[in-house]
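Structural characterization, general
One letter stands for each residue in the lines below.
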Amino acid sequence: MKKIHGLFIIMQLLVVFVVVQGPLSNIVSAEEAVETKECDCYKDHAKHKDFHKYMRVHKDFYFELLTEKYAPESAEQWKVIRTERDLLMKKLSEAKKRGELLHGEVKSEEWKEQHHFLQKQLTKAVKERDEEKISTILPQIFSHYEELNKVFQQRVNSLSSAEPQAD
């Protein structure tokens, strides 16, 4: 009974994640065609940012659970990736607050397309309860996130090299 309940919760999280991804991408593309006007956007932006922060915790735990069950050899890799990502994002966030980092696209279109493809493959494998596919896709997803961490690290390094040298 506990296994069924656990799977039910995991499926709910997955459905929420997939459902949210679609409408959010449509909103972004729709906003490009709309004229800019004065509004209280900061309030909505903060809510959106908080939503992603909270969902990241759920997604990370979901990946951890899947990894423990279907790809235990990748469990340590996922912990390292997650820890590194959190540290890099914290450094970038602090730099942004100090005004050292301007808005800019971090993720390339190629990365986003690959991410979308991998997420669709994982969703399909989970729906079908295909343990072999899940265990094959998880390491690919983790490698993909490692690539993103490298991009984050390059951005952090560019901040470090831009700082004035103290003699």
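Calculation notes
- Residues numbered from 1 in each chain as written.
- Predicted model: local features only at pLDDT ≥ 70, side-chain atom pairs only at ≥ 80, totals over all residues.
- Heavy atoms only, no water.
- Helix = DSSP H or I, 4+ residues; strand = E, 2+ residues; numbered from the N terminus.
- Expected span 1.5 Å × (residues − 1).
- Buried < 20%, exposed > 50% of the residue type's maximum accessible area, 1.4 Å probe, protein only.
- Arc of directions from axis to C-beta.
- Contact = heavy atoms within 4.5 Å.
- Phe/Tyr/Trp six-rings, centres within 6.5 Å; stacked < 30°, edge-to-face > 60°.
- Salt bridge = Lys/Arg side-chain N within 4 Å of Asp/Glu carboxyl O.

With respect to helix H4 (residues 109-128)
Spanning 20 residues, H4 covers 29 Å between terminal C-alpha atoms, matching the ideal 28 Å at 1.5 Å per step. The complete set of buried residues in H4 reads Trp111, His115, Leu118, Gln119, Leu122, Thr123, Ala125 and Val126. Along the axis of H4, the buried residues cluster in a sector spanning 165°; they form a single face. For H4, the exposed residues lying more than 90 degrees away from the buried face are Glu109, Glu110, Glu113, His116, Lys120 and Lys127. Downstream of H4 by one or two residues, Arg129 has phi in the positive range, about 55°.

Digging into the environment of Met89
Position of Met89 relative to the elements: it lies in helix H3 (residues 75-97). Accessibility expressed as a relative area gives 27% for Met89, which makes it partly exposed. For the pair Met89 and Asn149, spaced 60 residues apart in sequence, the C-alpha separation works out to 9.1 Å. Each residue touching Met89, except ones within four places of it in the same chain, is listed here: Arg56 and Phe152.

Digging into the side chain of Asn149
Turning to its location among the elements, Asn149 is positioned in helix H5 (residues 131-162). Beyond its immediate sequence surroundings of up to four residues, Asn149 is in contact with Ile81, Glu84, Arg85 and Leu88.

As for the packing of aromatic side chains
Considering all chains together, one arrives at seven aromatic pairs under this definition. Aromatic side chains Trp111 and Tyr145 sit 6.2 Å apart centroid to centroid with 65° between the ring planes, which places their arrangement in the edge-to-face category. Note that Trp111 is positioned in helix H4 and Tyr145 in helix H5, a separation of 34 residues in sequence. We classify Trp111 as buried; its relative accessible area is 9%. On the accessibility criterion, Tyr145 (6% relative accessible area) is buried. Members of the aromatic cluster, joined through ring pairs, are Tyr62, Phe63, Trp78, Trp111, Phe142 and Tyr145.

Some points on the pattern of salt bridges
Tallied over the full model, the rule gives five salt bridges. Between Arg85 and Asp60 there is a salt bridge, with the nearest N and O atoms lying 2.5 Å from each other. One end of the pair, Arg85, is in helix H3; the other, Asp60, is in helix H2 (residues 41-70), and 25 residues separate them in sequence. Exposure remark for Arg85: the relative accessible area of 7% places this residue in the buried category.

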